[in-house]
Amino acid sequence: YAFSNCSSLTQFSFDGTTSLSSIGEGAFLSNTSLNKWGTNSNNTISIPSGVTSIGQQAFANETGITSVVIPASVTSVGEGSFRGCNALVNLNMPKVYGNKLGHIFGTESYSGSYVAENYYIPSTLTNVSITAQEEIPAAAFKNCTSLTTVNIPTTTTSIGESAFYHCTSLVSLNGTNVINIPNSV
């Protein structure tokens with residue numbers, strides 16, 4: 001909870017030589033004014049390359065954030081780490097953590113969210129890019145009704161059952177070379 005509830009914190013950055021390997025639980029919890037991370041454009045959080053884990057609720061309630069970029073170095077993201085990020089539109093991450101998109105948003109309701117597979121998703125989230133996952137897990141995006149575009153890497157070879165079931169707004173699923181797609185996707 002190093003920088004939690006710092007309501008006047010608007011910008012945060014590390015120098016180019018950071019050796020940061022993890023962002024702890026609640027590290028930036030409820031910093032409602034935080035709208036710039038590093039050298040990125042406003043309203044974007046781009047996790048530094050080299051970070052391997054993001055703790056639970058690390059960025060929860062960051063209501064001004066519209067884009068999140070998680071690098072391939074991140075192998076674990078705690079449940080609810082982005083809970084309450086109700087302005088989030090774009091999410092770029094190497095894989096679906098916890099096998100469900102909602103894992104990173106958690107199981108607690110918040111303003112501007114809807115329920116999908118027992119998790120609460122920001123209703124503003126329309127674009128998701130998965131950058132490094134070979135197999136999209138079963139029901140990974142099930143009932144994510146706000147998604148309009150999902151990008152998967154060309155290295156993805158399999159999509160699990162019901163992965164995109166009831167994604168009623170989905171108009172674009174980009175990714176080639178998928179070999180195994182079950183009938184129930």
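Residues numbered from 1 in each chain as written. Predicted model: local features only at pLDDT ≥ 70, side-chain atom pairs only at ≥ 80, totals over all residues. Heavy atoms only, no water.

A short note on the sheet that holds strand β2 (residues 22-23)
Okay, so step 1: Taken together, the three strands give an open sheet; going across it, the order is β2-β5-β7, and neighbouring strands pair in parallel fashion. Each having just a single partner strand, β2 and β7 (76-77) make up the two edges of the open sheet.
Okay, so step 2: Relative to β7, strand β5 (residues 53-54) is paired through two bridges, and the arrangement is parallel. Residue pairing in the sheet places Ser53 in a bridge with Ser76 of β7. (Pairing = 2+ DSSP bridges. Helix = DSSP H or I, 4+ residues; strand = E, 2+ residues; numbered from the N terminus.)

Examining the environment of Leu147
Okay, so step 1: For Leu147, the location among the structural elements is in the loop between β12 (135-136) and β13 (149-151).
Okay, so step 2: Relative accessible area serves as the criterion here: at 0%, Leu147 is assigned to the buried category.
Okay, so step 3: Leaving out residues up to four positions away in the same chain, Leu147 has contacts with Leu101, Leu125, Thr126, Asn127, Val128, Phe141, Ser169 and Leu170. (Buried < 20%, exposed > 50% of the residue type's maximum accessible area, 1.4 Å probe, protein only. Contact = heavy atoms within 4.5 Å.)

Structural notes on unusual backbone geometry
Okay, so step 1: Of note, the phi angle at Asn118 is positive, near 70°, even though the residue is not glycine.
Okay, so step 2: Accessibility expressed as a relative area gives 64% for Asn118, which makes it exposed.

Quick notes on the pairing of strand β10 (residues 119-122)
Okay, so step 1: The sheet contact formed by strand β9 (residues 113-116) and β10 spans four bridges and is antiparallel. The partner of Tyr114 across the bridge, within β10, is Ile121.

A word on the packing of aromatic side chains
Okay, so step 1: Within the structure shown, the criterion is met by three aromatic pairs.
Okay, so step 2: With a centroid separation of 5.0 Å and 5° between ring planes, the pair formed by Phe141 and Phe164 is classed as stacked. Here Phe164 lies in the loop between β14 (158-159) and β15 (172-174) and Phe141 lies in the loop between β12 and β13, a separation of 23 residues in the sequence. Phe164 matches Phe141 in its accessibility class, with the two residues each being buried.
Okay, so step 3: Connected via pairs of aromatic rings, a cluster forms that spans Phe28, Phe59 and Phe82. (Phe/Tyr/Trp six-rings, centres within 6.5 Å; stacked < 30°, edge-to-face > 60°.)

Description of empty space enclosed by the protein
Where empty space is left can be seen by rolling a probe of water-molecule size over the atoms.
Okay, so step 1: Counted according to the given criterion, the structure contains one cavity of 30 Å³ or more.
Okay, so step 2: Of the voids in this model, the largest cavity is the one considered here, and its volume is about 40 Å³.
Okay, so step 3: Surrounding the largest cavity, Lys100, Leu101, Gly102, Ala116, Glu117, Ala139, Ala140, Phe141, Lys142 and Cys144 form its lining.
Okay, so step 4: Looking at the lining of the largest cavity, its residues break down into six nonpolar, one polar and three charged. (1 Å grid on protein atoms, 1.4 Å probe; cavity = no way out; pocket = protein on both sides within 12 Å on 5 of 7 lines; lining within 4 Å. Points joined across faces, edges and corners; volume = space filled by probe spheres on them. Nonpolar A, V, L, I, M, F, W, Y, C, P; charged D, E, K, R; others polar.)

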